Amino acid sequence: MTIDIDYWSDYLLDAVANRSEVAAITKSIPDLTTSDAYDIQDAAVDKRLETGDRIIGAKLGLTSNAKQKQMGVDEPVYGWLMESGRLAPETPIRLDEFIHPRCEPEIVFTIGEDIEGPGISAGDIIDATTAVTGGIEVIDARYERFSFQLADTIADNTSAARYRLGTKRVDVTDLDLALLGCVFKVNGDITATAAGAALLGDPAHCVAMLANHLADRGRKIGAGWTVLAGALTDAVQLAPGTHARADYAHLGSVELTTEKD
Ligand code: OOG
Ligand code: MG
């Protein structure tokens, strides 16, 4: 079946622009393949580039064992990180810019050189990493009830919306990424705790999977990219006046607040 890539990429971009949820694409195309879904994702990003946005890196999603079990999948998803999604330090976010946003803690890699798969290992990623930082990602699936199949979220750029990066940049050789602890607090309550190993055993392994995935699509990780390795814990829904805070071992804290009204 031929998929109308142009139509479905506009469908999702319009949902973002109108802050209105839409039916999952798989409701219309139950057998949407992941390959078609990445084509829709790429087409939507190309349209964003035409409006002056810029790709600053990539993100992984569904890299924690918990999230994969929840979705019944055994592979991560990959999306683009756009310059327009970067949150300035400290400014509260406005909920009316989103549909039903959630936030989640992320380990963030800064990559110093091009990495071209296939065959990339976690060690190759460590060798190419210039810094590791903590982060918080705001995700906002454009689909009704935040409910979707794997191919839907791929088409939807894996729910990417915004991200805030911590200011403490640490040399990767000073870290044991699998043991890197994170305490996630919302409004002062601990909602979850995790270590880096929550991400398929090793966050660097996840970034290696990204490089190998990109190779399948004729692309590579670029020098200077920022890469989010995937949520360490379940995402938490944002409400007016939410204060979320991710405290990381070695990487400091990253905070996010929402406007009260
Ligand atoms: C898909 C992407 C989630 C992550 O870090 O797992 C994601 C979703 O659950 O909306 O960004
Ligand atoms: Mg994420």
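These remarks concern the structure in this document. (Residues numbered from 1 in each chain as written. Chains lettered and ligands numbered in written order. Predicted model: local features only at pLDDT ≥ 70, side-chain atom pairs only at ≥ 80, totals over all residues. Heavy atoms only, no water.)

**A word on the site of ligand 1**
Not every one of the 16 residues close to ligand 1 is listed here, only the nearest: K59, L62, E104, S159 and A231. One nitrogen or oxygen atom from the side chain of E137 is found 3.1 Å from an oxygen atom belonging to ligand 1. A231 is positioned such that a nitrogen or oxygen atom in its backbone is 2.7 Å from an oxygen atom of ligand 1. Protein coverage of the free-state accessible area of ligand 1, which is 310 Å², stands at 97%. (Near = heavy atom within 4 Å. Polar contact = N/O pair within 3.5 Å; in protein donor to acceptor, adjacent residues only side chain to side chain. Areas by Shrake-Rupley, 256 points an atom, 1.4 Å probe, with all protein chains shown as cover.)

**A closer look at the packing of helix α1 (residues 5-18) against helix α3 (residues 34-50)**
Viewed as axis vectors pointing N to C, α1 and α3 meet at an angle of 60 degrees, and their least axial separation amounts to 8 Å. Between α1 and α3, the angle is such that the two are oblique. Of the two possible hands of crossing, α1 and α3 adopt the one that is right-handed. Only D36, D39, I40, A43, A44, K47 and R48 of α3 make contact with α1, whose side of the interface consists of I5, D6, W8, S9, D10, L12, L13 and V16. (Axes fitted to C-alpha atoms, helices over the stretch in contact; angles between N-to-C directions. Helix = DSSP H or I, 4+ residues; strand = E, 2+ residues; numbered from the N terminus. Parallel < 35°, antiparallel > 145°, perpendicular 65-115°, else oblique. Left-handed = near helix turned anticlockwise from the far one by under 90°. Contact = heavy atoms within 4.5 Å.)

**Re the coordination of the magnesium ion (ligand 2)**
At this site the magnesium ion (ligand 2) is bound by E104 (OE), E106 (OE) and E137 (OE), with donor distances of 2.0 Å. Linear spacing of the donor residues for the magnesium ion (ligand 2) on their chain is E-x1-E-x30-E. Note that E106 is positioned in strand β3 (residues 102-111) and E137 in strand β4 (residues 129-139), a separation of 31 residues in sequence. For the pair E106 and E137, one class covers both residues: buried. (Donors = N, O, S within 2.8 Å, 3.2 Å for Na, K, Ca; no water. Buried < 20%, exposed > 50% of the residue type's maximum accessible area, 1.4 Å probe, protein only.)

**Structural notes on unusual backbone geometry**
Between G117 and P118 the backbone carries a cis peptide bond, its omega angle lying at 5 degrees. Here P118 shows up in the loop between β3 and α5 (122-128). Positioned with a positive phi, S159 is a non-glycine residue whose angle comes to about 65 degrees. Tracing the backbone through its elements, the reader meets S159 in the loop between α6 (150-155) and β5 (160-165). Despite not being glycine, N187 shows a phi value in the positive range, around 50 degrees. Tracing the sequence through the fold places N187 in the loop between β6 (181-186) and β7 (189-195).

**Some points on the pairing of β6**
Moving residue by residue along a regular strand, the side chains alternate between the two faces of the sheet. Burial along β6 is one-sided: C182, F184 and V186 are buried, while G181, V183 and K185, pointing the other way, are not. Following β6, the chain reverses through two residues before pairing antiparallel with β7; N187 in that reversal takes a positive phi of roughly 50 degrees. As paired strands, β6 and strand β10 (residues 243-248) are joined by five bridges and run antiparallel to one another. Across the sheet, the residue bridging to C182 is Y248, located in β10. (Pairing = 2+ DSSP bridges.)

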